[in-house]
Amino acid sequence: MCGRFSLLGTPEEIEAWFDLMELEAFPQRYNIAPTQPILMVVSGDTPPPGSNRPNRRALLVRWGFIPGWVKDTANYPLMINARSETAIEKASFKTAMRHRRALIPASGFYEWRRTGDKKSQAYWIRPRNGEIIAFAGLYEPWANAEGSEIDTGAILTTSASENLRFIHDRTPVVIEQKDFSRWLDCKTQEPRHVAGLLKPAQADFFEAIPVSDKVNNFANTGTEIQERVNETVEERKKPARAKSQEPDDQMKLF
């Protein structure tokens, strides 16, 4: 499960990496939490013949997917993640898997590991090469009874690579840059055509850095939440837990 992530790239870097026309200025975000706005990259209009204009656009969505058919969100669970193996079969996600696939720019994510009754250990998990990465995502417009509409989104997850399983058994799906167009092409690429992209990252792609519990509080948004702390060897030898331990106060729908 991915319950927090970070985006540290500049607008210029993200424009270039995702081949976007333009992107409004925004600050570095060290501690992105559920229900907050997140940046997504989606397919735009096809440019006219001879144009070199990119056909991708940026979209700001609320992190927490709400299917369009949901009428009352009061008792509807907050869905920040979708299992990539079953998303095409689930009523909540199958339409978005066919028509509204997206890329989510990120610099890494956080995960929590609990062993027995001990306090959970947070980890900052980032690509070893330091590059911007793209999580596979889905988005869905949702309108309330008054007709007010918002875009909502979720991160697709897959099984964790071998070097991360001591923390958790799930991680976000990472789409490689060479596969951006294929993943975003919902006109000619059906879910079965892109299923091969929904795989774990290579075992050496990510590094996991133990960090303090400052990340648990979404109000902490500075560089200090990514500072390394000591980790004991004994902790790594224990089996991974089945569920993530994100703070409960971040799992509210509104």
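Placed above this text is the structure.
Keep in mind the model is a prediction, meaning the values are calculated, not measured.

1. Here's the deal with the overall build of the protein chain
Looking only at helices and strands, the protein chain features five helices and twelve strands. For the protein chain, with 254 residues in total, the buried portion stands at 49%. For the protein chain, restricting intrachain contacts to residue pairs at least 6 apart in sequence, the fraction spanning at least 24 positions comes to 70%.

2. What to know about the pairing of strand β8 (residues 121-127)
Burial within β8 is extensive, with six of its seven residues counted as buried. Examined bridge by bridge, strand β7 (residues 108-113) and β8 share five bridges and lie antiparallel to one another. The partner of Tyr-110 across the bridge, within β8, is Trp-124. Relative to strand β12 (residues 206-211), β8 is paired through six bridges, and the arrangement is antiparallel. Bridge pairing links Pro-127 to Phe-206 in β12.

3. Some thoughts on the pattern of salt bridges
Within this structure, the stated rule accounts for seven salt bridges. Glu-85 serves as the salt-bridge partner of Arg-170, at 2.8 Å between the closest nitrogen and oxygen. Of the two residues, Arg-170 is situated in strand β11 (residues 170-172) and Glu-85 in the loop between β5 (81-83) and α2 (94-99); the sequence distance between them amounts to 85 residues. You can call Glu-85 partly exposed: its relative accessible area is 39%.

4. A look at the sheet that holds strand β1 (residues 4-7)
As summarised here, the arrangement of the five strands in space is β2-β1-β7-β8-β12, forming an open sheet in which the pairing is antiparallel. Each edge of the open sheet is held by one strand with a lone partner, namely β2 (29-32) and β12. Sheet twist, expressed as the mean angle between neighbouring strand axes with direction ignored, is 25°. Sheet analysis places β1 next to β2, joined by two bridges and oriented antiparallel. In the strand pairing of β2, Phe-5 is matched with Ile-32.

5. Concerning the nonpolar core
Core analysis: the largest hydrophobic core is formed by 61 residues, its most contacted members being Phe-5, Phe-18, Leu-103, Phe-135, Leu-156 and Trp-183. With seven residues, the single largest contributor to this core is strand β9 (residues 133-143). Membership of the second largest hydrophobic core comes to ten residues, among which are Tyr-30, Ile-209, Val-211 and Ile-225.

6. What to know about the side chain of Ser-92
With respect to the helices and strands, the residue Ser-92 is situated in the loop between β5 and α2. By relative accessible area, which is 16% here, Ser-92 ends up buried. There is a polar contact of 3.1 Å between the side chain of Ser-92 and the side chain of Tyr-76. Filtering out sequence-adjacent residues up to four positions away, Ser-92 remains in contact with Phe-65, Pro-67, Trp-69, Tyr-76 and Met-79.

7. Examining the environment of Val-42
With respect to the element layout, Val-42 can be found in strand β3 (residues 37-43). Between the alpha carbons of Val-42 and Arg-56 there is a distance of 5.7 Å; along the sequence they are 14 residues apart. The contact partners of Val-42, leaving out residues within four places of it in the chain, are Asn-55, Arg-56, Arg-57, Leu-59, Arg-101, Ala-102, Tyr-139 and Leu-184.

8. Let's talk about unusual backbone geometry
One can expect most non-glycine residues to show negative phi and most peptide bonds to be in trans. Backbone geometry places Asp-19, a non-glycine residue, at a positive phi of 55°. Mapped onto the secondary structure, Asp-19 falls in the loop between α1 (11-18) and β2.

9. Some words on the packing of aromatic side chains
How two aromatic rings sit relative to each other is set out by the distance from centre to centre and by the angle between their planes. Per the stated rule, a full pass over the model turns up ten aromatic pairs. Relative to Trp-63, the ring of Phe-5 has its centre 5.2 Å away and its plane inclined at 75°; by these criteria the two rings are edge-to-face. Of this pair, Phe-5 sits in strand β1 while Trp-63 sits in strand β4 (residues 56-63); the two residues are 58 residues apart in sequence, bridging distant segments of the chain. The exposure classification of Phe-5 matches that of Trp-63, with both residues buried. When the ring of Phe-109 is compared with that of Phe-206, the centres are 5.5 Å apart and the planes differ by 90°; the resulting orientation is edge-to-face. Remark: Phe-206 occurs in strand β12 and Phe-109 occurs in strand β7; sequence separation between them is 97 residues. Taking relative accessible area as the criterion, Phe-109 reaches 0% and is therefore assigned buried.

10. Notes on α1
Note: α-helices contain 3.6 residues per turn, so residues at a spacing of three or four share the same orientation. Within α1 the residues assigned to the buried category are Pro-11, Ile-14 and Phe-18. Along the long axis of α1, the arc covered by the buried residues comes to 65°, so they all point the same way. Exposed side of α1, more than 90 degrees from the buried face: Glu-12 and Ala-16 are the residues found there. Immediately beyond the C-terminal end of α1, within one or two residues, lies Asp-19, with a positive phi of roughly 55°.

Scoring rules and cut-offs
Residues numbered from 1 in each chain as written. Predicted model: local features only at pLDDT ≥ 70, side-chain atom pairs only at ≥ 80, totals over all residues. Heavy atoms only, no water. Helix = DSSP H or I, 4+ residues; strand = E, 2+ residues; numbered from the N terminus. Buried < 20%, exposed > 50% of the residue type's maximum accessible area, 1.4 Å probe, protein only. Contact = heavy atoms within 4.5 Å. Pairing = 2+ DSSP bridges. Salt bridge = Lys/Arg side-chain N within 4 Å of Asp/Glu carboxyl O. Axes fitted to C-alpha atoms, helices over the stretch in contact; angles between N-to-C directions. Core = buried A, V, L, I, M, F, W, Y, C linked by side-chain atoms within 4.5 Å. Polar contact = N/O pair within 3.5 Å; in protein donor to acceptor, adjacent residues only side chain to side chain. Phe/Tyr/Trp six-rings, centres within 6.5 Å; stacked < 30°, edge-to-face > 60°. Arc of directions from axis to C-beta.

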